[in-house]
Amino acid sequence: MTRLLTVFFAWIAVYVTVTSTLMGFRWAGLNISLPVQTLILTVFLVPTMIFFLGPFAAKLAQSVMRRSS
């Protein structure tokens, strides 16, 4: 169950990050091609997930599981 919660929280973190970045592109008025948007997004998202959001999601899932036990 902890793994499922970790995946859920990681998905939420990715969704928010992708949506925020794409909204930032639109807000800045950047008219760039999809491959370039994808490149910029992944350059930002992958390290953010590995070093910050992933560990945070795992800790959050463990915390939720401890409280529900």
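All of these numbers come straight from a predicted model, not from anything done at the bench.

1. Points about the environment of L41
Stage number 1. As for its placement among the helices and strands, L41 is situated in helix α2 (residues 34-68).
Stage number 2. As for L41 and V18, which are separated by 23 residues in sequence, their C-alpha atoms are 7.1 Å apart.
Stage number 3. Those residues in contact with L41 that lie beyond four places of it in its chain are V18 and T21.

2. Quick look at the nonpolar core
Stage number 1. Counting residues in hydrophobic clusters, the biggest one holds 8 residues: L5, F9, A10, A13, L45, M49, A57 and A61.
Stage number 2. At the level of secondary structure, the elements contributing two or more residues to this core comprise α1 (2-27) and α2.

3. Points about α1
Stage number 1. Over its 26 residues, α1 extends 37 Å from the first C-alpha to the last, a length consistent with the 38 Å expected when each residue adds 1.5 Å.
Stage number 2. For α1, the full list of buried residues reads L5, F9, A10, A13, T17, T21 and F25.
Stage number 3. Packing partners of the buried residues in α1 comprise α2.
Stage number 4. Following α1 by one or two positions, G29 has its phi on the positive side, about 75°.

4. Things to note about the environment of S68
Stage number 1. Relative to the helices and strands, S68 resides in helix α2.
Stage number 2. For the pair formed by S68 and A58, sequence separation is 10 residues and the distance between their alpha carbons is 15 Å.

5. Topic: the environment of F9
Stage number 1. Among the secondary structure elements, F9 is positioned in helix α1.
Stage number 2. Taking C-alpha positions, F9 is 30 Å from S33, a pair spaced 24 residues apart along the chain.
Stage number 3. If we skip the residues at most four places from it in the chain, F9 touches A57, L60, A61 and V64.

6. Let's talk about the packing of α1 against α2
Stage number 1. Running from N to C, α1 and α2 cross one another at 145°; their axes reach a closest spacing of 8 Å. When you trace α1 past α2, the crossing you get is right-handed.

7. Points about the side chain of T21
Stage number 1. Tracing the backbone shows T21 in helix α1.
Stage number 2. In contact with T21, other than residues within four places in its own chain, are L41 and F44.

Definitions and limits used
Residues numbered from 1 in each chain as written. Predicted model: local features only at pLDDT ≥ 70, side-chain atom pairs only at ≥ 80, totals over all residues. Heavy atoms only, no water. Helix = DSSP H or I, 4+ residues; strand = E, 2+ residues; numbered from the N terminus. Contact = heavy atoms within 4.5 Å. Core = buried A, V, L, I, M, F, W, Y, C linked by side-chain atoms within 4.5 Å. Buried < 20%, exposed > 50% of the residue type's maximum accessible area, 1.4 Å probe, protein only. Expected span 1.5 Å × (residues − 1). Axes fitted to C-alpha atoms, helices over the stretch in contact; angles between N-to-C directions. Left-handed = near helix turned anticlockwise from the far one by under 90°.

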